[in-house]
Amino acid sequence: SAGEMRFCLKNDGVTTDSPYPNPLTEEDDSFNEKGAVKIVEVPPARLAVARFTGFVTEGEVARQKDALLSSLAADGVEIDVPHGAVVPHVVFQYNPPYTIPIVRRNEVAVPVVAPDDKAALEKEWGEAEDEASKHGLADDLAPSDVSDE
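Residues numbered from 1 in each chain as written. Predicted model: local features only at pLDDT ≥ 70, side-chain atom pairs only at ≥ 80, totals over all residues. Heavy atoms only, no water.

1. Thoughts on the nonpolar core
Then, in step 1: The biggest cluster of nonpolar side chains holds 10 residues, and these are A48, A50, F52, V61, L68, L72, V87, V108, V110 and V112.
Then, in step 2: Discounting residues that sit within four places of it in the chain, V110 has contacts with R46, L47, A48, K65, L68, L69, L72, I79, V87, P88 and H89. (Core = buried A, V, L, I, M, F, W, Y, C linked by side-chain atoms within 4.5 Å. Buried < 20%, exposed > 50% of the residue type's maximum accessible area, 1.4 Å probe, protein only. Contact = heavy atoms within 4.5 Å.)

2. Examining a nonpolar patch on the surface
Then, in step 1: The grouping of I100, I102 and V103 at the surface amounts to a nonpolar patch, some 320 Å² of accessible area in total.
Then, in step 2: Positionally, V103 belongs in the loop between strand 2 (90–93) and strand 3 (106–111).
Then, in step 3: With a relative accessible area of 53%, V103 lands in the exposed category. (Patch = residues over 30% accessible without salt bridge, like charges linked within 9 Å, V, L, I, M, F, W, Y side chains within 5 Å. Areas by Shrake-Rupley, 256 points an atom, 1.4 Å probe, with all protein chains shown as cover. Salt bridge = Lys/Arg side-chain N within 4 Å of Asp/Glu carboxyl O. Helix = DSSP H or I, 4+ residues; strand = E, 2+ residues; numbered from the N terminus.)

3. Quick word on the sheet that holds strand 3
Each strand in a sheet pairs with its neighbour through backbone hydrogen bonds, running either in the same direction (parallel) or in the opposite one (antiparallel).
Then, in step 1: Read across the open sheet, the 3 strands follow the order 1-3-2; overall the sheet is antiparallel. Strands at the two margins of the open sheet, each flanked by one partner only, are strand 1 (47–52) and strand 2. Averaged over all adjacent pairs, the angle separating strand axes in this sheet is 25 degrees, with direction ignored.
Then, in step 2: With 6 bridges joining them, strand 1 and strand 3 adopt antiparallel strand pairing. Counterpart to F52 in the pairing with strand 3 is N106.
Then, in step 3: Lying over the sheet, helix 1 (residues 58–75) contacts strand 1, strand 2 and strand 3, oriented at roughly 50 degrees with respect to strand 3. (Pairing = 2+ DSSP bridges. Axes fitted to C-alpha atoms, helices over the stretch in contact; angles between N-to-C directions.)

4. Topic: the packing of aromatic side chains
To describe a pair of aromatic rings, one takes the distance between the centres and the angle between the planes.
Then, in step 1: Going through the model one piece at a time under the given rule, you end up with 0 aromatic pairs.
Then, in step 2: In this structure, R105 packs its charged tip against the face of Y94, placed 4.7 Å from the ring centre. (Phe/Tyr/Trp six-rings, centres within 6.5 Å; stacked < 30°, edge-to-face > 60°. Lys NZ or Arg CZ within 6 Å of the ring centre and 35° of its normal.)

5. A closer look at the pattern of salt bridges
Then, in step 1: Applying the stated criterion across every chain yields a total of 2 salt bridges.
Then, in step 2: In this structure, R63 and E60 form a salt bridge, with 2.9 Å as the shortest nitrogen-oxygen distance. With R63 and E60 both in helix 1 and 3 residues apart, the pair spans about one turn of that helix.
Then, in step 3: Looking at R63, the relative accessible area reads 51%, which means it is exposed.
Then, in step 4: Looking at E60, the relative accessible area reads 17%, which means it is buried.
Then, in step 5: We note a salt bridge from E107 to R105, for which the minimum N-O separation is 2.8 Å.

6. As for the side chain of T99
Then, in step 1: Following the sequence through the fold, T99 ends up in the loop between strand 2 and strand 3.
Then, in step 2: Separated by 3.1 Å, the side chain of T99 and the backbone oxygen of P96 make a polar contact. (Polar contact = N/O pair within 3.5 Å; in protein donor to acceptor, adjacent residues only side chain to side chain.)

7. Describing helix 1
Then, in step 1: The end-to-end C-alpha distance of helix 1, which contains 18 residues, comes to 26 Å, matching closely the 26 Å that a straight helix rising 1.5 Å per residue would cover.
Then, in step 2: In this structure, the buried side of helix 1 is in contact with strand 1, strand 2 and strand 3.
Then, in step 3: Positive backbone phi, at 75 degrees, marks G76, one or two positions downstream of helix 1. (Expected span 1.5 Å × (residues − 1).)

By themselves, these figures tell us nothing about what the structure is for.
Here is the structure:
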């Protein structure tokens, strides 16, 4: 199956021009690459993670994601997505395919807002309201969008 696999590469004092290891060349004896390997830098993110066992199916991921979102809402943790947008998720699987389901380690993760990032969000929301008033949309605010201050 065509999927995506991620590895965490860290710089362990490598002294080449690149902080990443050099890929094998076709002349190397151990070369057995079946596709292009791309090294992509993934930006850091704050994620809330829930661990679960068993096989990873679309239905199980949806159930685990819903349970995680419910737990976060109950705890008052804010999700880091625009209002009304679909919450993105990432699934992490740590075991080979022949591992029995009861001992498999899987995780589902969603982006969350750090407690200290709320000031930045409030500034962003204020800019959005200013932009709306410039375009004559200030009267189009829902009651929950208007502060009582």
